[in-house]
Amino acid sequence: MAEGPGTEAIAQDLLGMPFLAYAIDVWDGIPAQVALYPLNAEITYPVLLRGAQNGILSDYNTTYHHYYIIDGDGVIVWRGSFDDQAMRTAIAEAMAPLPSAARTWSGLQALFR
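Quick caveat: nothing in here was measured; it's all calculated off a predicted structure.

Criteria and cut-off values
- Residues numbered from 1 in each chain as written.
- Predicted model: local features only at pLDDT ≥ 70, side-chain atom pairs only at ≥ 80, totals over all residues.
- Heavy atoms only, no water.
- Helix = DSSP H or I, 4+ residues; strand = E, 2+ residues; numbered from the N terminus.
- Buried < 20%, exposed > 50% of the residue type's maximum accessible area, 1.4 Å probe, protein only.
- Contact = heavy atoms within 4.5 Å.
- Areas by Shrake-Rupley, 256 points an atom, 1.4 Å probe, with all protein chains shown as cover.
- Patch = residues over 30% accessible without salt bridge, like charges linked within 9 Å, V, L, I, M, F, W, Y side chains within 5 Å.
- Salt bridge = Lys/Arg side-chain N within 4 Å of Asp/Glu carboxyl O.
- Core = buried A, V, L, I, M, F, W, Y, C linked by side-chain atoms within 4.5 Å.
- Pairing = 2+ DSSP bridges.

Peer 1: So what's going on with the overall build of the protein chain? Which residues, and what values?
Peer 2: In terms of regular secondary structure, the protein chain is built from five helices and four strands. Seen in sequence order, the protein chain has helices and strands lined up from the N terminus as α-β-α-β-α-β-β-α-α. For the protein chain, with 113 residues in total, the buried portion stands at 29%. Across the protein chain, every contact between residues at least 6 apart in sequence was considered, and the portion connecting residues at least 24 apart equals 51%. Surface accessibility of the protein chain: about 7500 Å² in total, with carbon and sulfur atoms responsible for 58%.

Written as structure tokens, this is what we have:
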């Protein structure tokens, strides 16, 4: 949970951009337990339930406290322990191919009108 404020800062800095942040519960806690995690970790982005039950740990050969940057095509472009600068760089590189207008929320919305 120590990385929570750091990941929250990244998510907040990218508000309005074509970017989504999620946490995944790999302990398979009950919803009431999982609901406490964002409060304790100081995050506001959603927590997905039952990650271990659905194969996250085995399918991605990972443990808890791993972070993934996934581009718009669903390709993992970065994976590792929390590293603010490396994660921000990977996000910027994943977003770079997008048209510059799509890098804003209003620009992204305009693509779907």
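That covers the picture; the talk isn't over yet.
Peer 1: Kindly report on a nonpolar patch on the surface, identifying the contributing residues and their values.
Peer 2: On the surface, a cluster of nonpolar side chains totalling about 410 Å² of accessible area is made up of Leu20, Tyr22, Ile24 and Leu48. Tracing the backbone shows Tyr22 in the loop between helix 1 (4-13) and strand 1 (23-24). A residue is classified by how much of its surface remains accessible, and Tyr22, at 46% relative accessible area, is partly exposed.

Peer 1: Give a detailed account of unusual backbone geometry, specifying residues and quantitative values.
Peer 2: In the Ramachandran plot, Glu42 falls in the positive-phi region, its phi being about 65° despite a non-glycine side chain. Structurally, the position occupied by Glu42 is in the loop between helix 2 (31-41) and strand 2 (47-48). According to the relative accessible area criterion, Glu42 is exposed, its value standing at 55%.

Peer 1: Lay out the nonpolar core in plain terms, naming residues and giving numbers.
Peer 2: Within the largest apolar cluster, nine residues are counted, these being Ile10, Leu14, Tyr67, Ile69, Trp78, Met87, Ala90, Ile91 and Met95. Of all elements in the fold, only strand 3 (67-70) and helix 4 (84-95) reach the threshold of two or more residues within this core. The element best represented in this core is helix 4, accounting for four residues. Discounting residues that sit within four places of it in the chain, Tyr67 has contacts with Glu3, Thr7, Trp78, Arg79, Gly80, Ser81, Phe82 and Met87.

Peer 1: Requested: an account of the environment of Leu57, with residues and values cited.
Peer 2: Examined against the element boundaries, Leu57 turns out to sit in helix 3 (residues 56-59). In this structure the C-alpha to C-alpha distance between Leu57 and Val26, which are 31 residues apart in sequence, comes to 7.3 Å. Beyond its immediate chain neighbours, meaning those up to four positions away, Leu57 contacts Val26, Ala52, Thr62, Thr63 and Tyr64.

Peer 1: Quick one: what's the story with the environment of Met17, residue by residue and with numbers?
Peer 2: With respect to the secondary-structure elements, Met17 resides in the loop between helix 1 and strand 1. Overall, the relative accessible area of 26% leaves Met17 in the partly exposed class. Remark: the alpha-carbon pair of Met17 and Met95, spanning 78 residues in sequence, is separated by 9.2 Å.

Peer 1: Give me the lowdown on the pairing of strand 4 (residues 76-80), citing residues and values where you can.
Peer 2: Sheet topology note: the strand 3/strand 4 ladder contains four bridges and is antiparallel. Following the sheet pairing, Tyr67 is matched in strand 4 by Gly80. Adjacent in sequence and paired antiparallel, strand 3 and strand 4 are bridged by five residues, among which Gly74 carries a positive phi angle near 85°.

Read these as spatial facts, not as claims about activity.
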